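Next come the chains, spelled out residue by residue.
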Amino acid sequence: MTLSLVVLLPFLGAIAAPLFAQGGRTAIAIASSVPALLALATLFPMWGTLAEGGTIVQSLEWLPQLGINLSFRLDGLSLMFALLILLIGLLIILYARYYLKPQENVGKFYALLLCFKGSMLGIVLSSNLLLMMVFWELTSLTSFLLISFWNHKQDARRGARMALAITGGGGLALLAGILLIGRIVGSFELDDVLAAGDQIKAHALYPYALTLVLLGAFTKSAQFPFHFWLPHAMQAPTPVSAYLHSATMVKAGIFLMARLYPALAGTEQWFFMVSFTGMITLLIGAYVALFKHDLKGLLAHSTVSHLGLITLLLGMGTELAAVAALFHIINHATFKASLFMAAGIIDHETGTRDMRQINGLWKYMPHTATLAMVAAASMAGVPLLNGFLSKEMFFAEALSLNLPGIWAWIPPIVATLAGIFAVAYSARFIHDVFFNGKPRNLPIYPPHEPPRYMKIPVEILVVACILVGVFPAFSVGPLLNAAASATLAGEVPDYGLAVFHGFNLPLMMSVAAFVGGLIMYSQRQKFFDFHARFKEIDEKAVFEAVVSWLVERANSFTALLENGSLQRYAMLLVVSAIVVAAVPLTGMDLIGSNGLTAIDPPTAVGAAILIFCTLGTVYLHRERLTSLIMLSVVGLLVSLTFARLSAPDLAMTQISVEVVTIILLMLALYYLPSWTPTEASAGRRTRDLAIAGVAGVGMTLVTLSMLTSPFSSISDYFLQNSKPGGGGTNVVNVILVDFRGFDTLGEITVLAIAALGIFAMLRNRQLSAPPTDGQGHPWAFDAHPTMLKQMSRPLLPLALMVSVYIFLRGHNLPGGGFIAGLITAVALLIQYIASGVNWTQARITMGYHNVIALGLLFATIAGAGSLAYGYPFLTSTFTYLEWPVVGKFEVASALVFDLGVYLTVVGATLLALVSLGKLTPAGRPLTRTEARKES
Amino acid sequence: MELAFALIIGSLTFSGVYLVLRARTFPVVVGLTLLSYGVNLFLFSTGRLMTGGQPIIGSTDTYSDPLPQALVLTAIVIGFAMTAFVVVLSLRSRADTGDDHVDGNIPREEPEDHQSIEQPREETGQ
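Each chain has its residues counted from 1, following the order in which its sequence is written. For this description, chains carry letters from A and ligands carry numbers from 1, given in the order in which they are written. Local features in a predicted model are, by the rule used here, given only for residues with pLDDT of at least 70; side-chain atom pairs are given and counted only at 80 or more, and totals for whole chains, interfaces and linings are based on all residues.

What am I meant to see in the overall build of chain B here?
Secondary structure elements are taken from DSSP: a helix is a run of H or I of four residues or more, a strand is a run of E of two residues or more, and numbering for both begins at the N terminus. Along its length, chain B carries 4 helices and 0 strands. Throughout, a pair of residues is in contact if the C-beta atoms placed from their backbones lie within 7 Å. Relative to all contacts within chain B whose residues are 6 or more apart in sequence, the contacts with residues 24 or more apart total 48%.

As structure tokens, then:
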């Protein structure tokens, strides 16, 4: 998996490099270079295979069910891009070493740069489209962070946000496009996709897939009408601009089009969409570049224009045009990266990038000026430089397009026009910056040459421009050949990489572009005046307006559903529950095949009382205390229902919970109004009654249908294994502490969390209690009646004994930790009620938090104990012990677990209720007895 | 038997839902309690209704289904924890807003009034 290593290395470097930040900029720059050098060393031995037109694919399964594999592919095209990314990346590292100030966060910068590099390598080396998508999004994210590196600047943040929104949005479209392609082909592997070109193009979904993929490519490569993010991304540090916005990131879209060229290109739709977009972008970028006073702004628009040129070439659909596109990718990367770096040097040394201030720098930095002028000449397309060669190929292709009638004239005219603008803005870059009088109001004066090593990356790139320009076949021939072979699926046309092709029409166009461009520049003031007549559109303001409009729409849509009213949510919840439940249940039988069974009179009476009290609770709900009494009757009858229907454990649990719940609600009523005002309108009440009625009738029918239908249960297993496997005859308890012990552990944890939540909500809180009850009567004369006090105290040991008994017998008879815990809690609560919080608190020294913690600890230890013997978590064991007096006694390890349950229930219940009881406010009026005692 | 049981669950659901839709915290808590009774009974009844079949091995010939019972047992306890939590939440809400309306304030107040209530609370929060 050497290829995955190439992708992984920069990410590893991103982790390691910041560790060198302490050692200064040089140390971290050297550390950051290591991944690229290692990657180059890894790729080098593979050249042999590629030169012969071979492809290396290495694959590792990741999520094969979804068609996602960690597969990587190296062919000529990916190698060309990988080399651009790695080599220019190295130069950028060196350049940034001098560009960044020592006090800046260089660790973060290099880490982000390496992350970005790894993501770019991932895009070009992925052989799986979905994997490529992952890296594609990673470049959007890392470039966002890099553009906003100076995040104290508002413009940088805005520019980064804009870039992320545009490229991220395009990424979504691309993902959809890739999914469509995967659906058509049945695979996301590039090998399959590239081989299925005809199948894709013939498919009904092709137009959609193509449009979506192109949306992704156009947004990333700043094509019209998405081009505006690129100039705004110039707020980034210049090394970032030089790397992302000349050589790598913006080329990702171009790469994608080249990568999928065999699969998608060659149709009319491709031709019109790609070439026209490219043509418009080419012209707009070139035109606007001339009028930018900002050095980087000029370069950014020129980049847009050149990206348009490459897109146009790819759109033409001929093989020679594709070769020209690839060639121009290399050339543009070299001259534009060097120009960005030169612009960064000028910015660094003069403190500004405004060309109205920067003039006549030739006198101050002749060396830099020479380098920048050569690179700019290449951008203009001067012979003997690489820019000339690919531009010449572009002109030739523009001429050879077979369009009908007058349309055939458009591409050459557009090409020449763009050439004229290119010459003009290149001339401006050279003349305005290095000549044209003296510098004006420079923040740093006088400017001088930058540090020696800062110029080295520029020098290397400029030498590359000349080398390619003079010896094209020798310098880039083999690489270009391999890339073209990969892009065109092996059919490389006969093309000539020569400096001079004779006196032909393309050369005439070049000459025309030169003459026209120089004339245009010399007459620039007229053009500037002309341009100034148009009101410039502030893309940033438009973008912000669109974004805030969207946010506003989203907010009002959210407000439509979420207006802050709990009542409304509850209503919507119930209604949607009814709808969701009603749809699948409409066809059910009202009475199942089992039929109804007879009811005995006592049960019938009980059921009638239960229903009566339930409805009474609603009917009387305005008088809260009465309604609470009704509720307690309901709870009591529910526990009787359990008892009647063969569930003794449930009956015991329900009745103890009932006691605690009613105490809790009584306590709450002390602080709350004792009656509910009538607020809802009659209409609202009718609506609620209707909703509740539908829910009630629905539940009745569902229950009836379910109860009369036959069913099969998995419980036979529990019944058979309870005694031999769990050592207990109470199957419910054995299920709780043994078979489903893990569930129980989770449930007591929830209980503990709820109790701690209650404690936290009430801690250090005081509630004001009303001085009288609802009817204006004062509270009881005696807060703690003597009779109750005297009765409750002897009751405590008795109740505790009962709970111990219930606890111990739980494994075999109804009982167990839950029930025993509740009984203990009730017994202690009675003390609180009878004798007051202070009195009781003084006698119970252990905090209930500790009880809860102890309980959870016991339960966990009991579960983990089985691990020590090599059994899974919560495996229980049991044995019989001979105890004196008691006799033969069964001891199960589940008993420890149940003890944990017991302690948690006691702790949680008491913590919740006592926190509530302790709320007695400082301002509570004294009862008469207390008042008498005070006086 | 089944009909009576179904009617019990139906009336518990009806009452629970109606009270949950009320505007004050206390009826909502009572409604939730009623709903949890209904839900527990319903879950319990998925094992079908049977008298005299307590799932204690050796105590009877046929046993009722123990699994729903075990599930409902913990559901009762957790239901209590939830009720307690909601009760305390409503008390805390009353302490913080001085009102026991579920939305924290009575709707359809004058907007200016609303502002003057909101403002000082924000300041104390900081």
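From this point, the discussion proceeds with the structure in view.
Teacher, can you tell me more about the overall build of chain A here?
For chain A, the count of helices and strands is 40 helices and 4 strands. For every residue, the other C-beta atoms within 10 Å of its own C-beta are counted; 20 or more classify it as buried, 12 or fewer as exposed, and values in between as partly exposed. C-beta atoms are placed from the backbone. Here chain A holds 935 residues, and 48% of them are scored as buried.

When you look at the environment of C465 of chain A in this model, what are you seeing that I'm missing?
All names here are of chain A. Residue placement: C465 occurs in helix α21 (residues 452-470). Once the C-alpha coordinates of C465 and T334 are considered, the two residues, 131 residues apart in sequence, prove to be 6.6 Å apart. Setting aside its immediate chain neighbours within four residues, C465 contacts T334, F335, V374, A375, S378, L385 and N386.

Any chance you could explain helix α18 (residues 366-380) of chain A here in plain terms?
Note: α-helices contain 3.6 residues per turn, so residues at a spacing of three or four share the same orientation. Residue and element names in this part refer to chain A. Here α18 contains 15 residues, and its C-alpha end-to-end distance of 20 Å stays within 8% of the 21 Å for a straight helix at 1.5 Å per residue. Three or more residues of α18 are buried, namely T368, A369, L371, A372, M373, V374, A375, A376, A377, S378, M379 and A380. On its buried face, α18 is in contact with α16 (295-316), α17 (319-350), α19 (386-400), α20 (410-434), α21 and α24 (505-522). Of the residues one or two after α18, G381 is the one with positive phi, at around 95°. Helix span is expected to be 1.5 Å times the residue number reduced by one.

Please clarify how the environment of M393 of chain A should be interpreted in this entry.
Residues and elements named next belong to chain A. Counting through the fold element by element, M393 comes out in helix α19. Look at M393 and you get buried, because 23 C-beta atoms sit within 10 Å. As a C-alpha pair, M393 and G496 span 103 residues in sequence and 9.6 Å in three-dimensional space. The residues contacting M393, other than those within four sequence positions of it, are A324 and F327.

I keep staring at unusual backbone geometry and nothing clicks. Help me out?
Among all residues except glycine, the phi angle is most often negative; among peptide bonds, the trans geometry is most common. Look at the link from F224 of chain A to P225 of chain A: it is a cis peptide, with omega at 0°. Mapped onto the secondary structure, P225 of chain A falls in the loop between α10 (206-220) and α11 (229-232). One non-glycine residue, R48 of chain B, lies in positive phi territory at about 70°. By the element assignment, R48 of chain B lies in the loop between α2 (25-45) and α3 (66-97).

Where do I start with the packing of helix α4 (residues 76-99) of chain A against helix α12 (residues 238-247) of chain A in this structure?
Packed helices, taken two at a time, are described by the angle their axes make and the gap between the axes. Residue and element names in this part refer to chain A. For the pair α4 and α12, the least separation of the axes is 9 Å and the interaxial angle reads 165°. As judged from the angle between their axes, α4 and α12 are roughly antiparallel. Considering the relative orientation of α4 and α12, their crossing is right-handed. Along the contact surface, α4 presents L84, I88, G89, I92, Y95, A96 and Y99, while α12 presents T238, P239, A242, Y243 and A247. An axis is simply a line fitted to the C-alpha atoms; with a helix, the fit covers only the stretch in contact. Between two such axes, the angle follows the N-to-C directions and lies from 0 to 180 degrees. An angle counts as roughly parallel when it lies under 35 degrees, as roughly antiparallel when it exceeds 145, as roughly perpendicular when it falls between 65 and 115, and as oblique in every other case. By definition, turning the near helix anticlockwise from the far helix through less than a right angle yields a left-handed crossing, and turning it clockwise yields a right-handed one.

I tried to follow the confidence of the model for chain A on my own but got confused; where do I start?
Detail in the predicted coordinates should be disregarded across regions flagged by low pLDDT. Every residue gets a pLDDT, meaning the predictor's confidence in that residue, from 0 to 100. For chain A, mean pLDDT is 87; residues scoring 70 or higher make up 94% of the total. With pLDDT under 50 throughout, residues 922-926 of chain A is counted as low confidence; its partners more than four residues away or in other chains account for 6 contacts.

I would appreciate a short explanation of the pairing of strand β2 (residues 68-74) of chain A in the present structure.
For a regular strand, side-chain orientation follows a simple rule: the groups alternate between the two sheet faces. Residues and elements named next belong to chain A. Where burial is concerned, most of β2 is hidden: 5 out of the 7 residues are buried. Any two strands with at least two DSSP-identified bridges between them are counted as paired. In the sheet, strand β1 (residues 56-63) pairs with β2 via 7 bridges, with the strands oriented antiparallel. The residue of β2 that forms the bridge with I56 is L74.

Explanation requested: the interface of chain B and chain A in the structure shown.
A common way to report how large an interface is uses the accessible area buried once the components associate. The partner chain A presents 95 residues to the 76 residues of chain B that form the contact. When contributions to the side of chain B that touches chain A are tallied by element, the ones reaching two or more residues are α1 (2-20), α2 and α3 of chain B. Per element, the largest residue contribution to the side of chain B that touches chain A is 23 residues, and it comes from α3 of chain B. Each residue gets one of three labels, nonpolar for Ala, Val, Leu, Ile, Met, Phe, Trp, Tyr, Cys and Pro, charged for Asp, Glu, Lys and Arg, and polar for the others, Gly among them. Considering only residue class, the side of chain B that touches chain A consists of 50 nonpolar, 18 polar and 8 charged.

Help me understand the packing of α10 of chain A against helix α15 (residues 268-290) of chain A, please; the structure alone is not making it clear to me.
All names here are of chain A. Where α10 meets α15, the closest approach of the two axes is 11 Å, and the angle between their N-to-C directions is 20°. Here α15 runs roughly parallel to α10, going by the angle between their axes. Relative to α15, α10 is oriented so that their crossing is right-handed. Residues P207, L210, L214 and F218 of α10 form the contact with α15, whose own contacting residues are Q269, W270, M273, V274 and T277.

Got a minute to help me understand the confidence of the model for chain B in this structure?
This prediction gives chain B a mean pLDDT of 81; 83% of its residues lie at or above 70. Residue range residues 108-126 of chain B is modelled with pLDDT below 50. Its contacts to residues more than four positions away, or to other chains, number 1 contact.

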